[in-house]
Amino acid sequence: QVHMVESGGGLVQDGGSLRLSCTASGGTFSMLDVGWFRQTPGKEREFVAGISGSGGTTFHAASVRGRFTISRDNAKNTVYLQMSSMKPEDAAVYYCAGLLTFSGARYHLIDPESWGQGTLVTVSS
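Residues numbered from 1 in each chain as written. Predicted model: local features only at pLDDT ≥ 70, side-chain atom pairs only at ≥ 80, totals over all residues. Heavy atoms only, no water.

(A) View of the environment of Asp 111. Within the secondary structure layout, Asp 111 lies in the loop between strand E10 (106-109) and strand E11 (119-124). What makes Asp 111 partly exposed here is its relative accessible area of 39%. Placed 11 residues apart in sequence, Asp 111 and Leu 100 show a C-alpha to C-alpha distance of 9.0 Å. (Helix = DSSP H or I, 4+ residues; strand = E, 2+ residues; numbered from the N terminus. Buried < 20%, exposed > 50% of the residue type's maximum accessible area, 1.4 Å probe, protein only.)

Have a look at this one:
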């Protein structure tokens, strides 16, 4: 029902910053928990960060904690992932998805088969 589109990916220097956006349409966005995920060939999809509908609860995976920050602007129907101090291992296709729930590193996808195109992040060196 809620359709999400990722954007903002691109090439960034090792140590640089990039902000990804996840823009939603077709539903009540402010009620929706949202997660950011990333996928690299040869690796399982990783739950990077999550945020509650109100923005009051967040989670950041240990691999990105202190460097990435998830946030949202419900007036713009958008969830952001601010990535700083980026490393080559951060290179991946990044996806956003609606969550039924999340608690720390645990999450439950609304639709496990609804992954979109994602946005590609490349880190030089």
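After that view, the rundown keeps rolling.
(B) Fine view of the state of the cysteines. The tally for this structure, following the rule as stated, stands at one disulfide. Here Cys 22 is linked by a disulfide to Cys 96, with a sulfur-sulfur distance of 2.1 Å. The S-S bond linking Cys 22 to Cys 96 shows a torsion near 80 degrees; that makes this disulfide right-handed. In this pair, Cys 22 is assigned in strand E3 (residues 18-25) and Cys 96 in strand E9 (residues 92-103), connecting sequence segments 74 residues apart. Using a relative accessible area of 6% as the deciding quantity, one classes Cys 96 as buried. (Disulfide = S-S within 2.5 Å.)

(C) Local environment of the nonpolar core. In terms of nonpolar packing, the biggest core is built from 33 residues, with Val 34, Trp 36, Leu 81, Met 83 and Tyr 94 touching the most fellow members. The set of elements that each furnish at least two residues to this core consists of E3, strand E4 (33-39), strand E5 (46-51), strand E7 (68-73), strand E8 (78-83), E9 and E11. The leading source of residues in this core is E9, at six residues. Ignoring sequence-local partners within four residues, the contact set of Met 83 consists of Gly 16, Ser 17, Leu 18, Leu 20, Arg 67, Phe 68, Tyr 94 and Val 121. (Core = buried A, V, L, I, M, F, W, Y, C linked by side-chain atoms within 4.5 Å. Contact = heavy atoms within 4.5 Å.)

(D) Local environment of the sheet that holds strand E1 (residues 3-7). Judged by pairing direction, the sheet is antiparallel, and its four strands sit side by side in the order E1-E3-E8-E7 without closing on themselves. Single-partner strands in this sheet number two, and they are E1 and E7. Averaged over all pairs of adjacent strands, the angle between strand axes in this sheet comes to 20 degrees, irrespective of strand direction. In terms of strand pairing, E1 meets E3 through five bridges, oriented antiparallel. Note on E3: the bridge partner recorded for Ser 7 is Ser 21. (Pairing = 2+ DSSP bridges. Axes fitted to C-alpha atoms, helices over the stretch in contact; angles between N-to-C directions.)

(E) Here's a closer look at the pairing of E11. Bridging between strand E2 (residues 11-13) and E11 involves three bridges; their strand directions are parallel. The partner of Val 12 across the bridge, within E11, is Val 123. The pairing of E9 with E11 spans three bridges and is classified as antiparallel. Bridge assignment links Tyr 94 to a residue of E11, and that residue is Thr 119.

Coordinates in, geometry out; function isn't part of it.
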